[in-house]
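Overview (structure and organization)
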Amino acid sequence: MAWLTIERTFRSQTRTRRMAMKTQLQTLSKRSLSMMEYIEKKRALSDSLAENLKPVSDEYLISYILTGLDSSYRPFTTAFMMKTEDVAVDDLVGLLLQEETRLDQKHSRISTSLSESCSSTMLVTNRYPPRYSPSKSASSPSQNRNQDSRRKLQC
């Protein structure tokens, strides 16, 4: 009788743990993780489920991985879903790492472009400071300087 109670308790705890792992696998998002960290966490959860006698098929694991990606991966995800042939998880990982690199390069180019744009705007702004004219403006020279510094901070 005592063994049956222990077995039931163990089975219940195992089922609860499996459900928690499956929920984590389904809901884990990439957010600020690197792609490799994200994939490793998804795989670890999948492996833990397999160890608890509930293996996750490659098709479901791929679905869970794609679902946890942010909107910057949406075009990739859409294109991937349109594929007609089966793709292994390892192939998906390679493609996602390439996409991460492409997105990083794109963001780097954009931030460099914005930085250069702000630098040239600041040079023009600093070269020709606004003149104080009591008849044209009720603001003081110090208010004009504050407005100038606000303009610089916007970049």
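Residues numbered from 1 in each chain as written. Predicted model: local features only at pLDDT ≥ 70, side-chain atom pairs only at ≥ 80, totals over all residues. Heavy atoms only, no water.

1. Observations regarding the side chain of Glu100
Rules: Put simply, DSSP H or I for four residues or longer makes a helix, DSSP E for two residues or longer makes a strand, and each gets a number counted from the N terminus. Three exposure classes are used, based on accessible area relative to the maximum for each residue type with a 1.4 Å probe and protein chains only: buried under 20%, partly exposed in between, and exposed over 50%. Only four residue types enter the charge count: Lys and Arg as positive, Asp and Glu as negative, with His and the chain ends excluded. The term salt bridge refers to a side-chain nitrogen of Lys or Arg lying within 4 Å of a carboxyl oxygen of Asp or Glu. The contact criterion used throughout is that any non-hydrogen atoms of two residues lie within 4.5 Å.
Within the fold, Glu100 resides in helix α5 (residues 89–127). The side chain of Glu100 sits in the buried core without any salt bridge; Lys30 is the nearest counter-charge, 4.2 Å away. In this structure, Glu100 is in contact with Lys30, Ser34, Met35 and Tyr73, ignoring residues within four places of it in sequence.

2. Let's talk about the nonpolar core
As a rule of thumb, soluble globular proteins bury nonpolar side chains together. The cut-off we apply is this: Take the buried Ala, Val, Leu, Ile, Met, Phe, Trp, Tyr and Cys residues and link them wherever side-chain atoms come within 4.5 Å; each set so joined is a nonpolar core.
Ile65, Leu92 and Leu96 are the most contacted members of the largest nonpolar core, which has 23 residues in total. Elements with a contribution of two residues or more to this core: α1 (2–27), α2 (35–51), α3 (58–67), α4 (74–81) and α5.

3. Quick notes on the pattern of salt bridges
On inspection of all chains with the given rule, the structure shows three salt bridges. A salt bridge links Lys83 to Glu85; its shortest N-O distance comes to 3.3 Å. The residue Glu99 makes a salt bridge to Arg102 at a minimum N-O spacing of 2.8 Å. Here Glu99 pairs with Arg102, and both are found in helix α5, just three residues apart, close to one helical turn. Exposure remark for Arg102: the relative accessible area of 39% places this residue in the partly exposed category.

4. Quick notes on α4
Every α-helix winds through 3.6 residues per turn, so residues three or four apart in the chain are directed the same way. For clarity, the cut-off: Arc definition: it is the arc formed by the directions from the helix axis to the C-beta atoms.
For α4, the full list of buried residues reads Phe76, Thr77 and Phe80. Buried residues in α4, looked at end-on, bunch into an arc of 95°, giving them a common side. Within α4, the exposed residues directed more than 90 degrees away from the buried face are Arg74 and Pro75.

5. A few points about the side chain of Arg18
Within the element layout of this structure, Arg18 appears in helix α1. On the basis of relative accessible area, Arg18 is assigned to the buried category, the value being 19%. Sequence-distant contacts of Arg18, defined by excluding residues within four places in its chain, comprise Leu49, Asn52 and Lys54.

6. A word on unusual backbone geometry
A negative phi holds for most residues other than glycine; trans holds for most peptide bonds. Positive phi is not limited to glycine here, since Arg31 has a value of about 45°. Checked against the element boundaries, Arg31 lands in the loop between α1 and α2. Positive phi is not limited to glycine here, since Leu53 has a value of about 65°. A relative accessible area of 71% places Leu53 in the exposed class.

7. Concerning the packing of α2 against α3
Formally: Here, axes are lines fitted to C-alpha atoms. For helices the fit covers the stretch in contact, and angles between N-to-C directions go from 0 to 180 degrees. Each angle gets one of four labels, with under 35 degrees taken as roughly parallel, over 145 as roughly antiparallel, 65 to 115 as roughly perpendicular, and the rest as oblique. Each crossing is labelled by how the near helix is turned from the far one, with a counterclockwise turn of less than a right angle marking it left-handed and a clockwise turn marking it right-handed.
Packing of α2 against α3 brings their axes to within 11 Å, and their N-to-C directions diverge by 140°. As the angle between them shows, α2 and α3 are arranged oblique. Between α2 and α3 the crossing geometry is right-handed. Contact residues: Tyr38, Ile39, Lys42 and Ser46 in α2; Leu61, Tyr64 and Ile65 in α3.

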